[in-house]
2 protein chains.
Amino acid sequence: MNATIPHTTPTPKAARLPEELVASSTFLLKRLGFAAKEQSLAAYEQTGVHPYHHAILIVLDERSHETQGSIADALGYDRGQLVGLLDELEEKGLVQRRRDPNDRRRHLVTLTPEGTKMLRRLRALATEVESDFLSPLTDIERAQLHGLLFRLAEKHEPRCALSVPPPDAPSDAAG
Amino acid sequence: MNATIPHTTPTPKAARLPEELVASSTFLLKRLGFAAKEQSLAAYEQTGVHPYHHAILIVLDERSHETQGSIADALGYDRGQLVGLLDELEEKGLVQRRRDPNDRRRHLVTLTPEGTKMLRRLRALATEVESDFLSPLTDIERAQLHGLLFRLAEKHEPRCALSVPPPDAPSDAAG
DNA sequence: TATTGTTATACTCTATAACTATA
DNA sequence: TATAGTTATAGAGTATAACAATA
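Cut-off values and rules
Residues take numbers from 1 onward in each chain, read along the sequence in its written order. Numbering of ligands from 1 and lettering of chains from A proceed in the order in which they are written. Given that this is a predicted model, residues contribute local features only at a pLDDT of at least 70 and side-chain atom pairs are listed and counted only at 80 or more, while totals for whole chains, interfaces and linings are drawn from all residues. The basis for every side-chain value is the complete set of heavy atoms in the structure, and neither hydrogens nor water enter the calculation. The fit set for superposing copies consists of C-alpha atoms from residues with pLDDT of at least 70 in both; the fit itself is least squares. Being near a molecule or strand, for a residue, means having at least one of its heavy atoms within 4 Å of it. Polar contact is the term for a pair of N or O atoms within 3.5 Å; when the atoms are in protein, one must be able to donate a hydrogen and the other to accept it, and sequence-neighboring residues count only if both atoms are side-chain atoms. Runs of H or I in DSSP of at least four residues are treated as helices and runs of E of at least two as strands, each being numbered from the N terminus. Classes in brief: Ala, Val, Leu, Ile, Met, Phe, Trp, Tyr, Cys and Pro nonpolar; Asp, Glu, Lys and Arg charged; the others, Gly included, polar. Pairing between strands is defined by DSSP: at least two bridges between them are needed. Contacts between residues were defined by any pair of non-hydrogen atoms, one from each residue, lying within 4.5 Å. Interaxial angle, 0 to 180 degrees, is taken between N-to-C directions of lines fitted to C-alpha atoms, where a helix line uses only the stretch in contact.

(A) Region of interest: the relation of the copies chain A and chain B. When chain A is brought onto chain B, the operation consists of a screw motion whose angular component is 180° and whose axial shift is 0.0 Å, with 0.0 Å RMSD remaining. In symmetry terms, the pair is related by a two-fold rotation axis. Relative to the rotation axis, the C-alpha of A:Gly33 is the closest in chain A, positioned 2.4 Å from it.

(B) Inspection of the protein's contact with DNA strand C at higher detail. The full set close to DNA strand C counts 16 residues, and A:Arg104, A:Arg105, B:Gln68, B:Gly69 and B:Arg97 are the nearest of them. Taking all atoms of DNA strand C within 4 Å of the protein, the share assigned to sugar and phosphate is 80%. The separation between a phosphate oxygen of DNA strand C and a polar main-chain atom of A:Arg104 is 3.1 Å. A distance of 3.4 Å is found between a phosphate oxygen of DNA strand C and a side-chain nitrogen or oxygen belonging to B:Arg79. Elements with a contribution of two residues or more to the surface near DNA strand C: strand S3 (103-111) of chain A together with helix H4 (68-75), helix H5 (79-91) and strand S3 (103-111) of chain B. In terms of residue class, the surface near DNA strand C is built from 2 nonpolar, 6 polar and 8 charged.

(C) The sheet that holds strand S1 (residues 66-67) of chain B, seen in detail. Residues and elements named next belong to chain B. Overall, antiparallel pairing links the 3 strands, which are arranged S1-S3-S2 in an open sheet. Of all the strands in the sheet, just S1 and strand S2 (95-100) have a single pairing partner and so form its edges. Examined bridge by bridge, S1 and S3 share 2 bridges and lie antiparallel to one another. Each residue of the ladder has a partner; that of Glu66, found in S3, is Val109. With respect to the sheet, H5 is in contact with S2 and S3, its orientation differing from that of S2 by roughly 120°.

(D) The protein's contact with DNA strand D, seen in detail. Among the 16 residues in the neighbourhood of DNA strand D, the closest are listed as A:Gln68, A:Gly69, A:Arg105, B:Tyr52 and B:Arg104. Here the atoms of DNA strand D within 4 Å of the protein split so that 78% fall in sugar or phosphate, with bases taking the remainder. The side chain of A:Arg79 places a nitrogen or oxygen atom 3.4 Å from a phosphate oxygen of DNA strand D. Only helix H4 (68-75), helix H5 (79-91) and S3 of chain A together with S3 of chain B provide two or more residues apiece to the surface near DNA strand D.

Right, dumping it as structure tokens:
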């Protein structure tokens, strides 16, 4: 390795990202979103289900007897993708599908008692992952961050908008 | 459609995400990271290059004559992946590879004048995308958001850390 | 033997659309 | 004809590791 003189290496050994990229919030969002996804996946491995499954269970816990289409729409999943996810949840006994007697094309999906139990476990895990991911921030900073992310999500992920502003109210109030 | 009585639809037509998910910052980070990626990809289509290519050009603009390994390390890319990206940049005449005479295993990569020109264009485009993505926020809020994201990135994307804390300083000070 | 760059392979995701059964 | 769910297929993207040249 040409090791007579250690070259004084003024450039740091640990490779750093260009400041220009680090200065970009969208760049950081992409990287952090990826990191959050990876950490979630690693944590969920022990449970045998994917964060996708967790989201489905949450939807069913809010309003059971959803149709597959309404679940897919609520989460932004493709309907074809949802079929496989529900197959897996059903195999594990966490949800149950039955035909809607009023429209036999539809499946009504419900949470089983085992599904409710799993959901409890997944909620605890998700809280843990979130808390760990945000650990560099104080509680106040976490609230600030969430508020800012939510404002962006209202625009870029409209499904996040919690309430549709009433037509006669000034729309600014909803922000 | 069984259209005698319109059902009064108390559930909103627009499918909404469960509040539980929207309340999670890591969930929002994942979705926003994905949205940022999608918007970048759409914007970069007109240029014929990918955001990956842009990042490589930025690295070369900071410090030319990088080896392929150091570029990959700086950006966190796989070295095998980088080969193809550099092939594409070279085909377009934006970068040039030549062997390092001091170590003939290595390739030194440099920006061509065309690459510099393209980089100018890409910088303008990236600024536009960023500005549009953050448009719901005021300048002060944008700065707040970036500060918070950066603090998270220092932990979850160590390549973002701008300066290595001096060994004699208390490590807590580095956040 | 270890490292740089290259190539090949395989695997995961996702997007698309064809297909069925019901309406 | 249109819709809900299902299935199959293809494509992009990514990760892994085998490989040749050089140290």
